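The chain contents come next:
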Amino acid sequence: MITTLKKIGKPRLLLLGCGDVGMRMLPLLRAHYRVLAVTSQPQRCAELRAAGAVPLLADLDQPATLARLARLAQIIVHLAPPQASGTTDRRTRNLAAILPERARLVYISTTGVYGDCGGARFDETRPVRPSNARAQRRVDAEQVLRAWARRCGGRLAILRVPGIYAQDRLPLERLQKGTPALIAEEDVYTNHIHADDLARIAAAAIYRARPLRVYHAVDDSDMKMGDYFDAVAQALKLPAPPRLPRSALQQQVSPVMLSFMSESRRLRNDRLRQELGMRLRYATVADLLAQVAT
């Protein structure tokens, strides 16, 4: 396969974690790059090939399978989430061990690294303060990749991503079940980004991002979580979720969901516009819901 790739004039790009956002990126990338899409599932190879990528079988949980990826590409987009337990991201640590020198890497992190900020509005200079193991794993991944970039002359961009939405990524099941939301007095501010815009941001960051730079990949929405659920319910012509105080709601939602409902923050996206030159197609959640409602 490597011999074949050397005959292609386009630069190679290694894409790890080719889920929904990765699949949305492929049409943006394949005109400019020879995309090598890593998957641990043989049954996905045909799908990836049909989407214009060269599938490569490897598993971030199995370091021995990653050796063949070393030096295949100087451009890497890392969308793969950490494993589900622990406070370190073993997958990113395994990847960092085989990353080439002077490569360009875009890493998709999470806004959860900030923890609860009491509804404050802030930019990328705010220190991280993860409040759960899930966010600690992301902070670990960021630190590991920063260390690689400094050691090996890599050009790293970190995109901190909030809740991702799209027409097929709305909380339909939650609304149909009537899962409650917090009363307004106890509700939290949340941040959002449309999946298509996130794909465009990640593609733009490959060459436009400054080295070792963090970007908030968020839209302009300024909503509390309950208001978001209400707006989606209205657009889908479903009943709005009941509102409960936190003391009552914690008996009805999962610990993971409760952790999301315990962190309030509003992220600025000035760098996204000024440095990456992004003009979002969905500046707010309302832009998509207006389409859904028609």
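Colleague: When you look at the overall build of the protein in this model, what are you seeing that I'm missing?
Modeller: Counting secondary structure elements, the protein contains 12 helices and 15 strands. Projected onto its principal axes, the C-alpha coordinates of the protein cover approximately 60 × 40 × 35 Å. Expressed as a percentage of its 294 residues, the buried residues of the protein come to 51%. Taking the intrachain contacts of the protein between residues at least 6 apart in sequence as the baseline, contacts between residues at least 24 apart amount to 76%. As presented, the protein carries roughly 13600 Å² of accessible surface, and 50% of it is formed by carbon and sulfur atoms. In the protein, 45 positive and 27 negative side-chain charges are present, and the distance between their average locations comes to 9 Å.

Colleague: Would you take a moment to explain the side chain of arginine 160 for this structure?
Modeller: Mapped onto the elements of the fold, arginine 160 is located in strand S7 (residues 155-161). At 2.7 Å, the side chain of arginine 160 and the side chain of tyrosine 114 are in polar contact.

Colleague: Is there a simple way to explain helix H12 (residues 285-293) in this structure?
Modeller: Residues spaced three or four apart along an α-helix point in a common direction, a consequence of the helix completing one turn every 3.6 residues. Three or more residues of H12 are buried, namely Val285, Leu288, Leu289 and Val292. All buried residues of H12 lie within an arc of 100° about the axis, which places them on one face of the element. The elements touched by buried residues of H12 are strand S8 (163-165), strand S11 (192-194), strand S13 (223-224) and helix H8 (225-235).

Colleague: Got a minute to help me understand unusual backbone geometry in this structure?
Modeller: Backbone phi values are negative for most residues with the exception of glycine, while trans is the configuration of most peptide bonds. One non-glycine residue, arginine 102, adopts positive backbone phi at about 60°. Summarising the element assignment, arginine 102 is placed in the loop between helix H4 (90-96) and strand S5 (104-110). Unlike most non-glycine residues, lysine 237 shows phi in positive territory, near 60°. Summarising the element assignment, lysine 237 is placed in the loop between H8 and strand S14 (243-244).

Colleague: Hey, could you run me through the packing of aromatic side chains in this one?
Modeller: Two numbers describe a pair of aromatic rings. These are the distance of the centres and the angle of the planes. What the rule picks out here adds up to 2 aromatic pairs. Ring geometry for tyrosine 114 against phenylalanine 122: centres 4.8 Å apart, planes inclined by 70°, an arrangement best described as edge-to-face. Among the residues examined, tyrosine 114 registers a relative accessible area of 1% and is labelled buried. Their ring planes at 45° and their centres at 5.7 Å tell us that tyrosine 228 and phenylalanine 229 sit as a pair that is tilted. Each of the two residues, tyrosine 228 as well as phenylalanine 229, counts as buried. In this arrangement the basic side chain of arginine 126 is found over the ring face of phenylalanine 122, its NZ or CZ atom lying 4.7 Å from the centre. Positioned above the aromatic ring of phenylalanine 260 is the side chain of arginine 134, whose terminal nitrogen or guanidinium carbon lies 4.4 Å from the ring centre.

Colleague: I tried to follow the packing of H8 against H12 on my own but got confused; where do I start?
Modeller: Axes are the key here: two packed helices are described by the angle between their axes and the distance separating the axes. It is at 9 Å that the axes of H8 and H12 come closest, and there the two elements cross at 20°. For the element pair H8 / H12, the angle class is roughly parallel. The interaxial crossing formed by H8 with H12 has right-handed handedness. Here Tyr228, Ala231, Val232 and Ala235 of H8 lie close against H12, whose contacting residues are Val285, Leu289, Val292 and Ala293. Among the residues making up the contact of H8 with H12, the classes are represented as 8 nonpolar, no polar and no charged.

Colleague: What is the right way to read the sheet that holds strand S12 (residues 213-216) from this model?
Modeller: Through backbone hydrogen bonds, the strands of a sheet pair up, either in parallel or in antiparallel fashion. A sheet is described by the order of its strands in space; here 7 strands give the open sequence S3-S2-S1-S4-S5-S7-S12, paired in parallel fashion. The open sheet has two edge strands with one neighbour each: strand S3 (54-57) and S12. Direction aside, the axes of adjacent strands within the sheet are offset by 20° on average. When strand S1 (residues 12-16) meets strand S4 (residues 75-78), the two strands line up parallel, connected through 4 bridges. In the sheet register, leucine 15 faces S4, and the bridge partner there is valine 77. Along the sheet face, helix H2 (residues 20-29) touches S1, strand S2 (34-39) and S4 and points at about 170° away from the line of S1.

Colleague: Honestly, the pairing of S4 in this entry has me stumped. Any pointers?
Modeller: Looking down a regular strand, the side chains alternate between one sheet face and the other. Judged by which residues are buried, S4 turns out to be covered on both faces: Ile75 and Val77 on one side and Ile76 and His78 on the other are all buried. As paired strands, S4 and S5 are joined by 4 bridges and run parallel to one another. Paired with histidine 78 across the strands is tyrosine 107, a residue of S5. The parallel pair S4 and S5, bridged by H4, forms a crossover whose chirality is right-handed.

Here is what the cut-offs are and how they apply
Residues numbered from 1 in each chain as written. Predicted model: local features only at pLDDT ≥ 70, side-chain atom pairs only at ≥ 80, totals over all residues. Heavy atoms only, no water. Helix = DSSP H or I, 4+ residues; strand = E, 2+ residues; numbered from the N terminus. Buried < 20%, exposed > 50% of the residue type's maximum accessible area, 1.4 Å probe, protein only. Contact = heavy atoms within 4.5 Å. Areas by Shrake-Rupley, 256 points an atom, 1.4 Å probe, with all protein chains shown as cover. Lys, Arg positive; Asp, Glu negative; His and termini not counted. Charge placed at Lys NZ, Arg CZ, Asp CG, Glu CD. Polar contact = N/O pair within 3.5 Å; in protein donor to acceptor, adjacent residues only side chain to side chain. Arc of directions from axis to C-beta. Phe/Tyr/Trp six-rings, centres within 6.5 Å; stacked < 30°, edge-to-face > 60°. Lys NZ or Arg CZ within 6 Å of the ring centre and 35° of its normal. Axes fitted to C-alpha atoms, helices over the stretch in contact; angles between N-to-C directions. Parallel < 35°, antiparallel > 145°, perpendicular 65-115°, else oblique. Left-handed = near helix turned anticlockwise from the far one by under 90°. Nonpolar A, V, L, I, M, F, W, Y, C, P; charged D, E, K, R; others polar. Pairing = 2+ DSSP bridges. Right-handed = clockwise from strand over helix to strand, strands pointing away.

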